[in-house]
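Residues per chain are reported as follows:
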Amino acid sequence: MLLALHYWSKMEYKSRMIITIDGPAGSGKSTAAKKLAKALDIAHLDTGATYRAVTLAALRAGIDLEDESALTDLAGKIDIRLEYGQGGQVRVMLDGKDVSREIRTADVSDNSHYVACLTGVRDVLVAMQRRMGGELVGESGGFVAEGRDQGSVVFPDADVKFYLDASCEVRARRRCDEMPDADYEQVLRAIRTRDERDSTRAVAPLIKPDGAVVIDTTDMNIEEVTAELLRQVRSAQ
Ligand code: DC
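Each value, and the rule that gives it
- Residues numbered from 1 in each chain as written.
- Predicted model: local features only at pLDDT ≥ 70, side-chain atom pairs only at ≥ 80, totals over all residues.
- Heavy atoms only, no water.
- Salt bridge = Lys/Arg side-chain N within 4 Å of Asp/Glu carboxyl O.
- Helix = DSSP H or I, 4+ residues; strand = E, 2+ residues; numbered from the N terminus.
- Buried < 20%, exposed > 50% of the residue type's maximum accessible area, 1.4 Å probe, protein only.
- Near = heavy atom within 4 Å.
- Polar contact = N/O pair within 3.5 Å; in protein donor to acceptor, adjacent residues only side chain to side chain.
- Areas by Shrake-Rupley, 256 points an atom, 1.4 Å probe, with all protein chains shown as cover.
- Nonpolar A, V, L, I, M, F, W, Y, C, P; charged D, E, K, R; others polar.
- Core = buried A, V, L, I, M, F, W, Y, C linked by side-chain atoms within 4.5 Å.
- Contact = heavy atoms within 4.5 Å.

A. Structural context of the pattern of salt bridges. Considering all chains together, one arrives at 15 salt bridges under this definition. A salt bridge links Lys35 to Glu223, with the shortest nitrogen-to-oxygen separation between them at 3.9 Å. Note that Lys35 is positioned in helix α2 (residues 29–40) and Glu223 in helix α10 (residues 222–236), a separation of 188 residues in sequence. Given a relative accessible area of 35%, Lys35 falls into the partly exposed group. We note a salt bridge from Glu178 to Arg175, for which the minimum N-O separation is 3.4 Å. Placement of the pair is Glu178 and Arg175 together in helix α8 (residues 168–178), with a separation of three residues, close to one helical turn. Of the residues examined, Glu178 reaches a relative accessible area of 56% and is grouped as exposed. Judged by its relative accessible area of 26%, Arg175 is partly exposed.

Now the structure itself:
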């Protein structure tokens, strides 16, 4: 009986659990989103992967990255899927092929902002992300969506919204720790440029969504960030 009650309450707890995490690059949101999703046993919706997949497809097809109409057309035609394996591992599939590694190359990272600032492309991807979210609620009871506009545009009715931030210097340091060959000053400059671009772009700029819990991760490690997110989710139940 106790077991049944526990099971029931877990299911109840999980039903319709939609969590969004937005924030700038290096704020810790990707790792935190993965860890939070794992702790709650729900899916991780990495929406940056959808922008990266369109960028990769455009680079491969040799499409001009400022041609909104051609890129919107492309975004509507390609098949992007996030496949979930054991332990929440996500494979990114583009037209049936695994591109999980290709979408993380410097070429794609450096060029994804072109597609991310186009209204036509965003409209296609926002609809795609909502569809993916709907499927994930059915399959795993909920999801943690991570990106730049998840709480503000894509899932404004999310159960819990987070906005993660950190100082430019700490974010640059974290990036350098991931890429030992990187030059700190260069990474810092790139982060500042990216922040400026993300927060001032005309379409879906990076903002703190209404009702979001803002967490400054400057002086926190990833375990502390995940614990704080979990604490906030539990207190919101
Ligand atoms: O989070 P990321 O580095 O994987 O994102 C890749 C690109 O997509 C980056 O230019 C920011 C953009 N992006 C966005 O505009 N909106 C999102 N919801 C997610 C990512």
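Next comes the rest of the account.
B. The arrangement of the site of the ligand in detail. Residues in close proximity to the ligand total 14 residues, the closest being Arg52, Arg122, Arg148, Asp149 and Arg201. At a separation of 3.0 Å, a nitrogen atom of the ligand approaches a polar side-chain atom of Thr47. Asp149 has a polar side-chain atom sitting 2.8 Å from a nitrogen atom of the ligand. In the complex, 95% of the free accessible area of the ligand, which totals 450 Å², lies under the protein chains. Listed by contribution, the elements that provide at least two residues to the shell around the ligand are α3 (48–61) and α5 (106–116). Among the residues making up the shell around the ligand, the classes are represented as two nonpolar, six polar and six charged.

C. Representation of the nonpolar core in the model. Residues Leu45, Val54, Leu71, Ile80 and Val121 are the most contacted members of the largest nonpolar core, which totals 35 residues. Among the secondary structure elements, those contributing two or more residues to this core are β2 (43–46), α3, α4 (68–77), β3 (80–84), β4 (90–94), α5, α6 (119–140) and β6 (142–147). Among the elements that take part in this core, α3 stands out by supplying seven residues, more than any other. Those residues within four positions of Val121 in sequence are excluded, and the remaining contacts are Val54, Leu71, Thr72, Ala75 and Val115. Within the second largest apolar cluster, 18 residues are counted, among which are Ala33, Ile42, Val160 and Val233.

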